[in-house]
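# Coordinate inspection notes
Below, each chain spelled out in residue letters.
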Amino acid sequence: MNPPLIQFQNITKIFNKKVILDNVNLDIPYGEIFGIIGKSGSGKTTLLSILVGFLKPERGKVFFQSQDLSRFTNNIRQQFGFTAQEGSFYPNLTVRENLEYFGTMYNVPSFILRKKIPEILKLVNLAESENKLAAFLSSGMKKRLDIACAILHDPKVLILDEPTEDLDPILRKDILRLLKRINKEKNVTIILTTHLLDEIEYVCTRVAILDKRTVLVSGTASDLKDKYSKNQEIILQTYSGEYKWLMKLLEKNKLIEDMVERDGRLIIYSPKAEGMLRFILHELEKKNERVQDVDLNKPSLSEVFESLTQEDE
Amino acid sequence: MNKLFEILRKNILLLTRSKTSALIVLLGPLLLILLISTAFNTTSLYDIKIGSYSDEYSPLSESIMEQLSADEFRVEKLSSKDICINSIKTNDVHVCAVFPSGLSIDSKENIEFYVDTSRMNLVYVVLNSVSSRVSTKSTELSTALTSTLLNTIESTDSKVSEGSSTITQVSANLQQIKNDISDSLSVLELSLNASDLEDDAVELNLTGDAGTLISSYQKLVNELDESLTKTLGAASSISSIEAEIKNVQVAIGLLSEIKERINSIEVKEVSKIVSPIRTEIKTVSSEDSTHFTYTFPILLVIVLLFSGLLVSSTAVMEEKSSKAFFRNFITPTSNALFVVGNFISNLLIVIMQILVIFLAMYIFSRASIPPGILVNLVIITILTASIFILIGMLIGYIFKSGETSNLAVITIASIMLFFSNTILPLETLHPTVMSVAGFNPFILGSESLKEILLFNAPLSAISNQFYILLGYFVVLFILVLSVRGVSKRRYIE
């Protein structure tokens, strides 16, 4: 088995006597799109800052390709690309000027930069805006410029802190597609944090859940769902669309974790979903309610996350 | 090097993209120098108001007031002494002159000048100026009086000379008369014996006419003898003439002594008697220097101080608050390179301002810099600017917000300005404070520039200031490097 690309070993970080990360252990394999999920203030950004050498942990070590990051920070920095929650570029420089500046700061020789910049601009779909001041770009374009600044020096790892924060759903999808493309075309390992769990499911091949100052679990989204969800979800749609009587009937049932009526459907969460579905279908038959659609799903990552973090509380 | 160039390029681009910043950088010093060169390009004082009061103005007091108003002062007669004094407090007048009633040269009372010493920067200049005008008037009067006195002495001298020669002549004449009389008397010293003649006449038995003749002759001889006896008696008066001649000679001696004393007065020029010790104030700088020339070194350092501190602290604050700050930190670029890059960018901006100032100085006051001092001037100017820039950068890295950073800049600039010769002479400070203030970079810079600009001093003449400034530069640079590292941590927190 290949060693992980990045290894966090017993990382502890304290700010003003407050423990932000406590004994964090995490392995990130090569070539993955790795998502770190956590509530606000759970230490996601701190963990990434330690990874890029911006912060030093009080205890523990971070290894990159088995090299201790604290010893080789400057050389290894070159291997990382980073985008923070807010774009890290100069609004009063043009797109090209920003790329030229950060490319130089990342030790990219100017003759390579001249070739590289059009290529990157094309990749992030900013070729037509290269002479625009960054301040005048749209939100999505700014995020793409930020990513362009982060990958200009061909890093092995691209780290993104909340990359789709403040973007509308279409732009989010756009950015996520771009990340997949970068991962595929440039063979870059991508680590991203978010609290939008749908995105994680859409883009990430592996996930870690960070809560209470430490990593609770990590693995593929599917594994986590299988392993950690208590409930499955039953999505029921009847022709009448009338669910009140059914909800009243089920509300005292101990096998029902939660129920919600949404868009003419009833979504029911239950740890014994198959048995519960049989019971519901039986009750519907007794009431002569015709079923239009019924579905039994594995839990969403969101549900896994909720289950794990609530359990911990 | 490539990175350094790119940092400089980025900083200059950011500056030029911000129109207001670029405008302030270029127009700020231009405006400052324009205003100051126009205002200070003179050697005079303007609009100095003197209030005056006297119970009774005399021609002398009027003439003093005329003398004052003939120059740059505006003299206003006030109705009472209290009003005059209070007018100073309300700043309606700068000096209150109270003339004694019916002031004349015989007056024993003084002219009183009341001033507001709280206006320390003005009071001595005004007093000096007023005193010099009054002193001029006083000298004029003194000259006139002395001149009259000297004329009288001179006239006495000539009269004494004239009288002395007359008396000498009289003495000589008397001597001559005395001599003539003595000579005549000696001639008259003969014996006339008429009795022998009578005896002969008897012997010869001369009778008749001969006898009568002899008798007449004898009678004549007797009369002559009597007259001679009388004349010889008058000869005793010659001794009196001699005594008188002696008296005349004593008088001649006295007159000679008077004349000698008059002649022994060596200084007979009025101006020398009025002010026997003459002083002449000569400036060590150029004669045609104006307030602007003198203030230029300080003005230059003030511009360096404010622009250096503000430009660099603002640039650091903008860098810190910039979204790109984080990416700069994580790039494999050393702290030192960013510090050097930002320092050089700020220095370029300040140098641009200095060039604008020198250009404006040349345009507005036609003042040029001798080529001989150019290198020294550049070295000290850049060194001084560098220190202010590094202090500004330090402030920028230490303080968290633009507001606190600006407050710190104003505070530090004020401290430097107050503890310099700009507002009050350093000599007015407590000796301990004065010795500490001597290390103020503002003073070191302005004094060095003054010596270079006004006295064409070589670098060796200001080596002390130069090495202290250099020391500041090194220490501040190390501090900025360290504080930037710390500020990274604070940024994260």
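Just above, that's the structure.
What this report covers is the structure whose coordinates are included nearby.

Rules of the game
- Residues numbered from 1 in each chain as written.
- Chains lettered and ligands numbered in written order.
- Predicted model: local features only at pLDDT ≥ 70, side-chain atom pairs only at ≥ 80, totals over all residues.
- Heavy atoms only, no water.
- Helix = DSSP H or I, 4+ residues; strand = E, 2+ residues; numbered from the N terminus.
- Expected span 1.5 Å × (residues − 1).
- Buried < 20%, exposed > 50% of the residue type's maximum accessible area, 1.4 Å probe, protein only.
- Arc of directions from axis to C-beta.
- Contact = heavy atoms within 4.5 Å.
- Core = buried A, V, L, I, M, F, W, Y, C linked by side-chain atoms within 4.5 Å.
- Polar contact = N/O pair within 3.5 Å; in protein donor to acceptor, adjacent residues only side chain to side chain.
- Salt bridge = Lys/Arg side-chain N within 4 Å of Asp/Glu carboxyl O.
- Phe/Tyr/Trp six-rings, centres within 6.5 Å; stacked < 30°, edge-to-face > 60°.
- Pairing = 2+ DSSP bridges.

## Observations regarding helix α6 (residues 169-185) of chain A
Residue and element names in this part refer to chain A.
- Taking 1.5 Å per residue as the helical rise, α6 with its 17 residues ought to reach 24 Å, and the 24 Å between its terminal C-alpha atoms agrees with that figure.
- Along α6, the residues that are buried comprise I175, L176, L178, L179, I182 and N183. Looking down the long axis of α6, one finds its buried residues gathered within 155° of arc, a one-sided arrangement. Seen from the open side of α6, the exposed residues pointing more than 90 degrees away from its buried face are P169, I170, K184 and E185.
- In this structure, the buried residues of α6 make contact with β3 (33-38), α4 (110-123), α5 (139-151), β7 (157-161), β8 (189-194) and α7 (197-203).
- Where α6 ends, the next residue or the one after it, N187, has phi of about 55°, a positive value.

## A look at the nonpolar core
- Among the nonpolar cores identified, the biggest contains 94 residues, and I6, F80, L158 and I191 of chain A are the most heavily contacted of them.
- Among the elements that take part in this core, α5 of chain A stands out by supplying 7 residues, more than any other.
- With sequence-adjacent residues up to four places away left out, I191 of chain A is seen in contact with I6, I28, F34, I36, L48, L51, V157, L158, I159 and L160 of chain A.
- Listed in part, the 48 residues of the second largest apolar core include V316, F343, F466 and L469 of chain B.

## Quick word on the side chain of E233 of chain A
Residue and element names in this part refer to chain A.
- You can see E233 is positioned in strand β11 (residues 232-238).
- Residue class for E233 comes out buried when judged on its relative accessible area of 13%.
- Side-chain polar atoms of E233 contact the side chain of Y269, separated by 3.3 Å.
- When neighbours within four sequence positions are excluded, E233 is seen to be in contact with I267, I268, Y269, D295, L296, N297 and K298.

## Concerning the pattern of salt bridges
- The full count for this structure, using the stated rule, is 22 salt bridges over all chains.
- The salt bridge partner of K286 of chain A is E283 of chain A, with a shortest N-O separation of 3.4 Å. Here K286 of chain A pairs with E283 of chain A, and both are found in helix α10 (residues 273-286), just 3 residues apart, close to one helical turn.
- Judged by its relative accessible area of 55%, K286 of chain A is exposed.
- A salt bridge links R484 of chain B to E319 of chain B, with the nearest nitrogen and oxygen atoms 3.0 Å apart. You can see R484 of chain B sitting in helix α17 (residues 463-492) and its partner E319 of chain B sitting in helix α10 (residues 291-321), a full 165 residues away along the chain.
- If you follow the salt bridges from partner to partner, you end up with R96, E100 and E130 of chain A together with E6 and R9 of chain B in one network.

## A look at the packing of aromatic side chains
Residue and element names in this part refer to chain B.
- Evaluated as defined, the whole model comprises 8 aromatic pairs over all chains.
- Ring geometry for F466 and Y467: centres 5.4 Å apart, planes at 65°, overall edge-to-face.
- Looking at F466, the relative accessible area reads 16%, which means it is buried.
- Exposure remark for Y467: the relative accessible area of 56% places this residue in the exposed category.
- Plain terms: the ring middles of F473 and F477 are 6.3 Å apart, the flat faces sit at 25° to each other, and that makes the pair stacked.

## A short note on the pairing of strand β1 (residues 6-15) of chain A
Residue and element names in this part refer to chain A.
- Taken together, the 5 bridges between β1 and strand β4 (residues 59-64) define a ladder with antiparallel strand orientation. Bridging across to β4, Q7 finds its partner in F63.
- Linking two consecutive strands that pair antiparallel, namely β1 and strand β2 (residues 18-28), is a turn of 2 residues; a positive phi of about 45° is found at N16 within it.

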